[in-house]
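Fold and geometry: a report
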Amino acid sequence: MSLFVLLLGGICLGLMTSMNGQLASYFNVFEISFLVHAIGAVLLLGYILFKKGEKLRIGGAPGYVYFVGFFGVALVATGSISAAKIGATLTMALSVSGQLLISAVIDHFGFFHVPRVPFNWKRIPAFLIIAAGLLIMIYA
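A brief structural summary.

Rules used in this analysis
Residues numbered from 1 in each chain as written. Predicted model: local features only at pLDDT ≥ 70, side-chain atom pairs only at ≥ 80, totals over all residues. Heavy atoms only, no water. Axes fitted to C-alpha atoms, helices over the stretch in contact; angles between N-to-C directions. Helix = DSSP H or I, 4+ residues; strand = E, 2+ residues; numbered from the N terminus. Parallel < 35°, antiparallel > 145°, perpendicular 65-115°, else oblique. Left-handed = near helix turned anticlockwise from the far one by under 90°. Contact = heavy atoms within 4.5 Å. Nonpolar A, V, L, I, M, F, W, Y, C, P; charged D, E, K, R; others polar. Phe/Tyr/Trp six-rings, centres within 6.5 Å; stacked < 30°, edge-to-face > 60°. Buried < 20%, exposed > 50% of the residue type's maximum accessible area, 1.4 Å probe, protein only. Expected span 1.5 Å × (residues − 1). 1 Å grid on protein atoms, 1.4 Å probe; cavity = no way out; pocket = protein on both sides within 12 Å on 5 of 7 lines; lining within 4 Å. Points joined across faces, edges and corners; volume = space filled by probe spheres on them.

On to the packing of helix α1 (residues 2-23) against helix α4 (residues 88-109), then. The geometry of a pair of packed helices is captured by two quantities: the angle between their axes and the separation between those axes. Where α1 meets α4, the closest approach of the two axes is 10 Å, and the angle between their N-to-C directions is 130°. The orientation of α1 relative to α4 falls into the category oblique. Relative to α4, the crossing made by α1 is right-handed. Only Ala88, Thr91, Met92 and Gln99 of α4 make contact with α1, whose side of the interface consists of Leu13, Gly14, Thr17 and Ser18. Class assignment for the residues of the contact of α1 with α4 results in 3 nonpolar, 5 polar and no charged.

Quick look at the packing of aromatic side chains now. Scanning the entire structure with this criterion turns up 6 aromatic pairs. Judged by centre distance (5.5 Å) and plane angle (85°), the rings of phenylalanine 119 and tryptophan 121 are edge-to-face. Overall, phenylalanine 119 belongs to the partly exposed group, its relative accessible area being 24%. Residue tryptophan 121 is classed as exposed on the basis of its relative accessible area of 68%. Aromatic pair phenylalanine 119 and phenylalanine 127: ring centres 5.9 Å apart, planes at 55°, arrangement tilted.

Compared with an ideal rise of 1.5 Å per residue, which puts 22 residues at 32 Å, α4 spans 32 Å between its outermost C-alpha atoms and is within 8% of the ideal. Of all the residues in α4, the buried ones are Leu90, Thr91, Met92, Ala93, Ser97, Ala104 and Ile106. On the buried face of α4, the contacting elements are α1, α3 (68-86) and α5 (124-139). Positive backbone phi, at 70°, marks glycine 110, one or two positions downstream of α4.

Approximately 420 Å³ is the volume found for the largest pocket. What lines the largest pocket is a set of 16 residues, among which Met16, Val36, His37, Ile39 and Gly40 lie closest to the centre. Sorting the residues of the lining of the largest pocket by element identifies α1, α2 (29-51) and α3 as the ones contributing at least two each. Looking at the lining of the largest pocket, the element that brings in the most residues is α2, giving 8 residues. Split into classes, the residues belonging to the lining of the largest pocket amount to 12 nonpolar, 4 polar and no charged. In this structure, the second largest pocket encloses a volume near 360 Å³. Surrounding the second largest pocket, Leu13, Phe71, Ala74, Leu75, Thr78, Gln99, Ile102, Ser103, Ile106 and Phe112 form its lining. Taken together, the elements giving at least two residues each to the lining of the second largest pocket come down to α3 and α4. Its residues assigned to classes, the lining of the second largest pocket shows 7 nonpolar, 3 polar and no charged.

Rendered as structure tokens:
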């Protein structure tokens, strides 16, 4: 089930990137990011308050995790700019490649309290295949 949920999340990210690229024809990246996050905030607040019947809690987590908001803005902004200029496919390929690289570093060192998964040199061929795919997409 979790693999399906991840696949669904990836589909949503691809759709979002494509639509944000289209929004770049009408708004600047900060307006797009504001719009995306405002709509998301309203929907989530409605869910939290009405469906769950809980009070909204903000706080208690380590301070550095609140930078996730910055990363969300950066993701929407860079995706919007890129999709409008180079298309959704290359935007997603570069984005996923960046995610894989930083995730491997985070896993290897166990940053942010994730389970430590040391880098295995057997993964190098997979990274090389991804790099080759990117080069083909960029230069072909």
